[in-house]
Amino acid sequence: MRFLSLISANLFRKKIRFLLTLGSFAVALFLFAFLAVVKDAFGRGSDVAGADRLVIINRVSIINTIPLKYRDQILRIPGVKYITHNNWFGGIYQEEKNFFPQFVIDPENQRQVFPELIVPDDQWSAFLKDRQGAIVGARTATRFGWRIGDRIPIKTTIWGGGAWEFNIDGIYHGKRQEDDETQFWFQWDQFEERIPAGIKGQVGWYVVKLESPDDAVRVAKAIDQQFANSPSETKTETESAFAASWVKQFGNIQFLIVTIGTVVFFTLLLVTGNTMAISVRERTPELAVLKAIGYSDRMVLFFVLAESLIIALMGGLFGLGLAYLAVPALGAALNGLLPNLVLSLSILASGLGVALVVGVASGLLPGIGAMRMSVVNALRRV
Amino acid sequence: MAIPLIYNVRSVKARWTSAIVAVIGIAGTVGVFVAMLSLARGFRATLVASGSPGNALVLRAGSPSEMMGGVTLDTVKVIQDAPGIARDSSGPLVTQEVVGVVPFPLISTGTDANVQVRGVSSNVLHIRTFVKVVQGRMFEPGLSELVVGKNASTTYAGLTLGNTINFGGGKWKVVGIFDAGGSAFDSEVWCDARILNQVLKRPENIFQSVTVHLSSPDTFQQLKDALTSDPRLNVDVTREVDYYAKQSTTLTRLITILGGIVASIMAIGAVFGALNTMYSAVAERGREIATMRALGFGTVAVVFSFLVEALLISFVGGSLGCAAVMPLNGLTTGAMNWQTFSHLAFAFKITPELLIKGVIFALVMGIVGGLPPAIRAASRPVASALREL
Amino acid sequence: MIRVDGNGGSSSLIKVRGLNKTYSRGGEKIQVLQGLNLDVDKGDFVAFMGPSGSGKTTLLNLLGGLDVPSAGSITVAGDEITRMSARKLTEWRARHVGFIFQMYNLIPVLTAFQNIELPLLLTKLSKSERRKHVETALSIVNLADRMHHYPRQLSGGQEQRVSIARAIVSDPTFLLCDEPTGDLDRKSADEIMALVDELVAKYGKTVLMVTHDPLVAARAHTTLHLEKGVLVEGTRSGAGQSVLAGGIA
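Residues numbered from 1 in each chain as written. Chains lettered and ligands numbered in written order. Predicted model: local features only at pLDDT ≥ 70, side-chain atom pairs only at ≥ 80, totals over all residues.

Turning to the sheet that holds strand E7 (residues 174-178) of chain C, a few remarks are in order. All names here are of chain C. Sheet architecture is open: six strands sit in the order E6-E7-E8-E3-E9-E10, paired in mixed fashion. Looking along the sheet, the strands with just one partner apiece sit at the ends: strand E6 (97-100) and strand E10 (230-233). Put simply, the sheet's adjacent strands are angled 25° from each other on average, direction ignored. Two elements, strand E9 (residues 222-227) and E10, share four bridges in a ladder whose sense is antiparallel. Residue pairing across strands places Leu224 opposite Glu233, the latter belonging to E10. Seen against the sheet, helix H5 (residues 156-168) touches E6 and E7 and runs at an angle of roughly 170° to E6. (Pairing = 2+ DSSP bridges. Helix = DSSP H or I, 4+ residues; strand = E, 2+ residues; numbered from the N terminus. Axes fitted to C-alpha atoms, helices over the stretch in contact; angles between N-to-C directions. Contact = placed C-beta atoms within 7 Å.)

As structure tokens, then:
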């Protein structure tokens, strides 16, 4: 573009100012990316939840259990393809702050219901043969440096009997970047064997995989109807609804994040707008000369907008790039407190969009001023 | 000799648009900083308020929380006879409790939240003396009646005085509303422990925790020694205050870390904004500065003068930021406490100490943002600055 | 031929008839130009002199299409510019006028070469064609060796030479100069004026120049004084006779 040297020469005119404005954009967009990533993480459960899976819990309280013998009755309901069950183990590995979720699983059906959590076949068969075996998610394994073959003790007070020990027979990976890779699985049989007689035969919750997502409403109703008025009434909903209501209990986090984001946006607009205004003001006589030579008012507006857009995009890309590099580190700092932080493509795209909008907006007012400026008056200012 | 302050004040007024920009940048950052910290404070305060120094909590040994506990009736009987416990006309001040997590719909979204329902002994108000029934009355032992915390009744649907609700396969009547002094209990629903056990299909004579009122805070050690050395028992004894302090760590840590990261990033941005403003100020006033120096004002005087301006701007910004978030004080919000799996309402807590921290933060940003330009202003060769058109 | 009585022939390059310009300043109306007439032929070199506030710069601005009159007409090479829309006027300026101001002529962040190239960026010339024109202009003003220097690396006189190069690079119909030597020392001023003389004598340029400096004005073919809103022909001995009818050739 033939005017590129003029525009870029003006851009780098005052190096410090250019760097500071660039820096402001970078910082604002870094923050934007960070907030978006955190917001995503809070809402993660409902995003990855399968549309074709149902979660069945005890209606009275999520803490209460459901009898194992309901299993066959649920399987007979048309539309139910597979069913598996889980219990929340809630043990402690070394100390409380090393928290990660531990689930008792039903090995026969686990992989059918959760196909996105992938275990290599050889590791899975080893696990099946080992009563004390365990499969652990990649993220937790990395966190503690565990390897296949390690023997891991987990303390529990709920289920009686001190520390339980497990052999790590395999490590699972999630198919998508957002899948949860922190879980620790071990066998139902082992669990049943070791817990007191009074509480045997009870599962924490069931997860059902449907023939088709369209059956969700019908099947959920059917299941709950089946066990209405029984000693353990059920509450069945889709996995995403279940996750969403969990997140909603976090209520105002969304609102907080949106508010902060807005504050940042407007502050950025103000700062860069002001910088552009000062920069244009300083150049009034030059712009006047350009107009005298024959550059139209609109071209002058174009120059100003081009400048602010270029700074915005450069700064924005820089900030987003930094965020991309920093997010894994931030995720580590929040280890265990939040699901893993992922900087998705859509966040990057909206970040660029924000940068663009601010770039145009901050250049608009000074640009229009420059466009409207009368050459005669400007030159007289000398 | 120092450059008169009035020069700074007038200069700021003359270039008020730029000054306003810097002010707003700093105000925004300080506001976010104070808001996030007060959120963490509020959460912690709620939980800490739940414990009083005159009470102790007895749990099964090794239980990290009430949720995981298990204490038999026999154990309770032993505790009732232990030394160091207060007694009054109703008997030993001991309440054996059961906690359940029951879904109730949130008034705000209509979806369910897990609410902590606590089964207590009928003399609980003598033990948790800061809890007062402010509407209606306490529940009758043996009946399906509820007393509801004041936050709970405004957060969850259906928990109003006189209302009957269903859960656990039974009907319950809300007979009273209590005020628990801003503690976690304000988000809870209380009822008779025995009835709750039945409804939750738990073994009849097993409780999850026992809270005792000490005859005086000093008798704690005596009680602890007596109970832990008793071979019939397998328990831990903690001061109530310490227990609740521990319960809040996860969420407090999360909010503090997130808030800290956000505030740091915003601070960097605000400093950039302040630097930009001040550098532009120095550029625009090049001739003025040179004139002053030619007149005899030294380097230190010039640096100091600009620094004062920066501090002026940042002080105004900081105060504005604090003022802007003041209305949040006392505003309740809700979050899930992972350690108890239940929903908890708590309030932003803005203390004078926090506000002062906010203003200091602003001043620091002002110094960082004002120093480099000030030094530049003072070190430019006078002659070239004067020659500038 | 230069006339101020409004009776110039149709062959004039620049024809001004009955030019009025009124300003509002602080509520008051000030009429700066009152029925001004002017005829200038191709190749003429005219100097305008007059006390401060007499409207010399205003006249120049109007002639250059930077301003519009309250009444009257200006015709340049057959185009009546006083009837043009703002947009057409901008295009016309780019094609027909070369401006040289007292200061701020050059863009400080561009090299001499890039500054001179500016008017050409508005045309459809290719990069190599533009380069040729710029180099020609540079050689005319004798600054080819400094083409990649920035204005801050040039002396005042050199900066004005670059301005002149920029003003002539697109071969405009006429040059308008507003006190071009006002900021220069004697020696540099002389150099610039020698260049202007060359442009007129050797290259046949038409030059209209406002100046305070009688020595500069002396180099022009004619000096006109702006008095009471109209142009008056002056002699070396000072302000001239008012000539409302019939001019001195």
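That shown, we press on.
All right, on to the interface of chain B and chain A then. Of the residues lining the interface, 50 residues belong to chain B; the matching set on chain A comes to 43 residues. For the side of chain B that touches chain A, the secondary structure elements donating two or more residues are helix H2 (16-49), strand E5 (94-105), strand E6 (112-120), helix H9 (249-284) and strand E15 (332-337) of chain B. Tallying contributions element by element places H9(B) first for the side of chain B that touches chain A, with 17 residues. A per-class count over the side of chain B that touches chain A returns 25 nonpolar, 21 polar and four charged. (Nonpolar A, V, L, I, M, F, W, Y, C, P; charged D, E, K, R; others polar.)

Turning to the environment of C:Arg17, a few remarks are in order. Residues and elements named next belong to chain C. One can find Arg17 in strand E1 (residues 14-25). The exposure class of Arg17 is partly exposed, given the 17 C-beta atoms found within 10 Å. The contact partners of Arg17, leaving out residues within four places of it in the chain, are Gly6, Asn37, Gly72 and Ser73. (Buried ≥ 20, exposed ≤ 12 C-beta atoms within 10 Å, placed from the backbone.)

On to the arrangement of the chains. Among the two pairs of chains in contact, the pair with the most contacts is chains A and B. At no point do chain B and chain C touch; the closest pair of C-alpha atoms across them sits 10 Å apart.

Looking now at the sheet that holds strand E2 (residues 28-40) of chain C. Residue and element names in this part refer to chain C. Pairing is antiparallel across the open sheet formed by four strands, whose spatial order is E2-E1-E4-E5. With partners counted over all chains shown, the strands left at the sheet margins are E2 and strand E5 (79-80), one partner each. Pairing geometry for strand E4 (residues 71-76) and E5, over two bridges, is antiparallel. Residue pairing across strands places Thr75 opposite Glu80, the latter belonging to E5. Contacts from helix H1 (residues 56-63) reach E1, E2 and E4, with the element oriented near 125° to E1.

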